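Listed below are the residues making up each chain.
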Amino acid sequence: DDWQPFNGTRTPATLYTEDFEGTISGWITHNYVVGNNTWLTGGTNGNMNGNKSAYISKNNSALEYDAGSTSHSILYREIDASQFDSLTLSFYYVCNGEKDANGIYDYGKVVYSLDSITFHQLNGTTDLVDSSNMTFLSVQLPYFLWNKKFYIGFYWENDNVVGNDPSFAVDD
């Protein structure tokens, strides 16, 4: 587990990039609570950069969710950072959802996993809600993800009461 000392300049590298415009592979969807809302990759109604994005849809088309149908869904993929440290995750998102003085009920999260089974909210991020405009998020990944394979994902949860579109969309 000992690393050789590094003397010199680190060269930034992009490990993975996804704009959902072309051929999309490697992304996995899992619905923990199966409702009418699920992830759509390469959908054309994401209102993001370019013509396509990934987003929660009630009908495999619209960037809208069925607020009357409880859904918990995750979109994730493996990242191989075996030879890399000082990792940063950057992307654009929208996620209006449902939030009031008593709490947050419909929202997105940025999550990670070491085993693709148990996911945790990424340190330094909050629940993504109350954002109807495209927002840029860049977050430093924790050191325990450096120099190994892990999974990064986007989690959506909504209750079955009320809600506000747009649902959760990610791009770039």
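Below: a short report on this structure. (Residues numbered from 1 in each chain as written. Predicted model: local features only at pLDDT ≥ 70, side-chain atom pairs only at ≥ 80, totals over all residues. Heavy atoms only, no water.)

1. Topic: the packing of aromatic side chains
Stage number 1. Taken as a whole and assessed by the stated rule, the structure comprises 14 aromatic pairs.
Stage number 2. Judged by centre distance (5.7 Å) and plane angle (45°), the ring pair of Phe20 and Trp27 falls under tilted. We note that Phe20, like Trp27, is buried.
Stage number 3. When the centroid spacing of 5.8 Å and the interplanar angle of 80° are considered together, the rings of Tyr143 and Phe144 count as edge-to-face.
Stage number 4. An aromatic cluster of three or more residues is present, and its members are Tyr16, Phe20, Trp27, Trp39, Phe91, Tyr93, Phe154 and Phe168.
Stage number 5. Arg77 extends its terminal NZ or CZ atom over the ring of Trp27, reaching a point 5.6 Å from the ring centre. (Phe/Tyr/Trp six-rings, centres within 6.5 Å; stacked < 30°, edge-to-face > 60°. Buried < 20%, exposed > 50% of the residue type's maximum accessible area, 1.4 Å probe, protein only. Lys NZ or Arg CZ within 6 Å of the ring centre and 35° of its normal.)

2. A short note on the pairing of strand S10 (residues 149-158)
Stage number 1. The element S10 is largely enclosed, with a buried count of 9 among its 10 residues.
Stage number 2. Looking at chain direction, strand S4 (residues 71-80) and S10 are connected through 10 bridges and run antiparallel. Looking across to S10, one finds that His72 is bridged to Glu157.
Stage number 3. Here 7 bridges tie strand S7 (residues 103-113) to S10, and the two strands are oriented antiparallel to one another. Across the sheet, the residue bridging to Tyr107 is Glu157, located in S10. (Helix = DSSP H or I, 4+ residues; strand = E, 2+ residues; numbered from the N terminus. Pairing = 2+ DSSP bridges.)

3. Some remarks on the sheet that holds strand S11 (residues 168-171)
Stage number 1. Spatially, 5 strands are ordered S2-S3-S11-S5-S9 in an open sheet, and the strand pairing comes out antiparallel. Looking at which strands have only one partner, the edges of the open sheet turn out to be strand S2 (38-43) and strand S9 (131-140). Neighbour-to-neighbour, the strand axes of this sheet turn through a mean angle of 25°, independent of strand direction.
Stage number 2. Note: strand S5 (residues 88-95) against S9, 7 bridges, orientation antiparallel. Bridge pairing in S9 places Cys95 opposite Ser131. (Axes fitted to C-alpha atoms, helices over the stretch in contact; angles between N-to-C directions.)

4. Details of a nonpolar patch on the surface
Stage number 1. Where nonpolar side chains cluster on the molecular surface, the patch consists of Leu15, Tyr16 and Phe84 and spans about 220 Å² of accessible area.
Stage number 2. Structurally, Tyr16 can be placed in the segment before strand S1 (28-33). (Patch = residues over 30% accessible without salt bridge, like charges linked within 9 Å, V, L, I, M, F, W, Y side chains within 5 Å. Areas by Shrake-Rupley, 256 points an atom, 1.4 Å probe, with all protein chains shown as cover. Salt bridge = Lys/Arg side-chain N within 4 Å of Asp/Glu carboxyl O.)

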